[in-house]
Amino acid sequence: MQKESQYIAQKYIENPLLVKSRKFDLRVWVVVTDWNPLTIWYFRKPYVRLPAHDYDVTDLENNYAHLANNSIARHDDGTKKTEYKIEGNMMFVEDFQEYLSNIYASDVYEEQIEERLKNVVINTLESVQDTFEYKKGCFELYGFDIMVDTDFNCWLIEVNSSPAMDYSTHVTEKLVKTCLEDVCKVLVDREAKRTAKGKAAVDTGEFELIYQAKRVVEKPLNTFGLNLAVAGSKIPEKLLPKW
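Anyway, here's the lowdown on the structure attached to this text. Model, not experiment: these values are computed from the prediction. (Residues numbered from 1 in each chain as written. Predicted model: local features only at pLDDT ≥ 70, side-chain atom pairs only at ≥ 80, totals over all residues. Heavy atoms only, no water.)

1. What about the overall build of the protein chain?
A count of helices and strands for the protein chain gives five helices and seven strands. Secondary structure elements of the protein chain occur, N-terminal to C-terminal, as β-β-β-α-α-β-α-α-β-β-α-β. Taken along its principal axes, the extent of the C-alpha atoms in the protein chain is 75 × 60 × 50 Å. Element-wise, carbon and sulfur atoms account for 51% of the exposed surface of the protein chain, whose accessible area totals about 15,800 Å². Both charge centroids of the protein chain, one from 31 positive and one from 39 negative side chains, sit 6 Å from each other. (Helix = DSSP H or I, 4+ residues; strand = E, 2+ residues; numbered from the N terminus. Areas by Shrake-Rupley, 256 points an atom, 1.4 Å probe, with all protein chains shown as cover. Lys, Arg positive; Asp, Glu negative; His and termini not counted. Charge placed at Lys NZ, Arg CZ, Asp CG, Glu CD.)

2. Here we look at the packing of aromatic side chains
By convention here, two paired aromatic rings are described through the distance between centres and the angle between planes. Here the structure, examined in full by the defined rule, presents eight aromatic pairs. Here the aromatic rings of F96 and Y109 are separated by 5.9 Å at their centres, their planes lie at 80 degrees, and the arrangement is edge-to-face. Of this pair, F96 sits in helix α3 (residues 93-104) while Y109 sits in helix α4 (residues 108-127), and the two are 13 residues apart along the sequence. One aromatic cluster in this structure is built from W29, F43, Y47 and F207. Sitting above the plane of the F92 ring, K174 keeps its charged end 5.4 Å from the centroid. The ring of Y167 carries K177 above its face, with NZ or CZ at 5.3 Å from the centroid. (Phe/Tyr/Trp six-rings, centres within 6.5 Å; stacked < 30°, edge-to-face > 60°. Lys NZ or Arg CZ within 6 Å of the ring centre and 35° of its normal.)

3. Points about unusual backbone geometry
The omega torsion of the bond from N36 to P37 falls at 10 degrees, within 30 degrees of zero and hence cis. Along the polypeptide, P37 turns up in the loop between β1 (25-35) and β2 (38-43). A positive phi angle, close to 50 degrees, is found at K20, a residue other than glycine. Its place among the elements puts K20 in the segment before β1. In this structure K20 comes out as partly exposed when scored by relative accessible area, which is 26%. At S21, a position not held by glycine, the phi torsion is positive, near 70 degrees. Position of S21 among the secondary structure elements: in the segment before β1. (Buried < 20%, exposed > 50% of the residue type's maximum accessible area, 1.4 Å probe, protein only.)

4. Brief notes about a nonpolar patch on the surface
The grouping of Y12, V57 and L60 at the surface amounts to a nonpolar patch, some 280 Å² of accessible area in total. Among the secondary structure elements, V57 is positioned in the loop between β3 (47-49) and α1 (63-66). The partly exposed category is assigned to V57, whose relative accessible area is 46%. (Patch = residues over 30% accessible without salt bridge, like charges linked within 9 Å, V, L, I, M, F, W, Y side chains within 5 Å. Salt bridge = Lys/Arg side-chain N within 4 Å of Asp/Glu carboxyl O.)

5. Describing the nonpolar core
In this structure, F24, F96, I113, V121 and L125 are the most contacted members of the largest nonpolar core, which totals 33 residues. Elements represented by at least two residues in this core include exactly β1, β2, α3, α4 and β5 (140-148). It is α4 that provides the largest number of residues to this core, a total of eight residues. If near-sequence neighbours (up to four positions away) are discounted, V121 is found in contact with V28, V30, I40, Y42, F144 and I210. (Core = buried A, V, L, I, M, F, W, Y, C linked by side-chain atoms within 4.5 Å. Contact = heavy atoms within 4.5 Å.)

6. Notes on the pattern of salt bridges
Scanning all chains against the criterion turns up 13 salt bridges. The partner of R49 in a salt bridge is D25, with the nearest N and O atoms 2.8 Å apart. Pair noted here: R49 is in strand β3 and D25 is in strand β1, with a separation of 24 residues, a long-range link. Of the two residues, R49 and D25, neither departs from the other in class, the shared state being buried. A cluster of three or more residues bridged by salt bridges with shared partners is formed by D25, R27, R49 and D145.

7. Section: α3
Taking 1.5 Å of rise per residue, 12 residues should cover 16 Å, and α3 covers 16 Å from first to last C-alpha, within 8% of that figure. Every buried residue of α3 is accounted for by V93, F96, Q97 and L100. The arc that holds the buried residues of α3, viewed along the axis, is 100 degrees, so those residues lie on one side. Among the structural elements, β1, β3, β4 (90-92) and α4 are those in contact with the buried residues of α3. Once α3 ends, the next one or two residues include A105, with phi positive near 60 degrees. (Expected span 1.5 Å × (residues − 1). Arc of directions from axis to C-beta.)

8. Topic: the packing of α3 against α4
Packing of α3 against α4 leaves a shortest axis separation of 9 Å and a crossing angle of 115 degrees. Facing α3, whose interface residues are V93, F96, Q97, L100 and Y104, α4 presents V108, Y109, E110 and I113. For the contact of α3 with α4, the class distribution of residues is seven nonpolar, one polar and one charged. (Axes fitted to C-alpha atoms, helices over the stretch in contact; angles between N-to-C directions. Nonpolar A, V, L, I, M, F, W, Y, C, P; charged D, E, K, R; others polar.)

Structure (structure tokens):
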């Protein structure tokens, strides 16, 4: 019996922004504390994931030049010469920000990229809001993988519902500890303060509330009359053009 398979086809981004001669994507952690009203928390310290080899568009078979997953990059034996040595094939966002500032003579990360990352997160979660069955009081931590092109446009690659939180490199070791601690600040400390009297400010660490819907809706997307189904029928042969 043939096993059923599912595939996703994605357009290749021909003009990726390069960092130290390499492609990259940003791993962005996001916590959803409620699906209706949709409530989204954004971790302000995403990290940069890079392939093990320099970018080479003429060699599409070299996974080490095109895929930024650490599960792939870590197997590189290091024998291929690269222009820059990047420890663990990862960078802190502050180093990424400084690198771009030196190249473009302005803080393009803060001025352009960061807001576009947030928009990708919000638009993605809004688009699937009505597909989730959830219980009040539950939450989910997601890992968004987002690429940036030379025009600083941000492109969603995938969303991980169970993002890796292991100490795979010196970058993740520091950030994972911070992220998990700050998740508790959002879920526990803030909730305790919210239910108590008074409206004192609550420390949510590096998590920022970037979206909270103002109302509860019965069927989020359907209430807007969206119907993205493609329907059609066969064209009668007599109506086909005769060349």
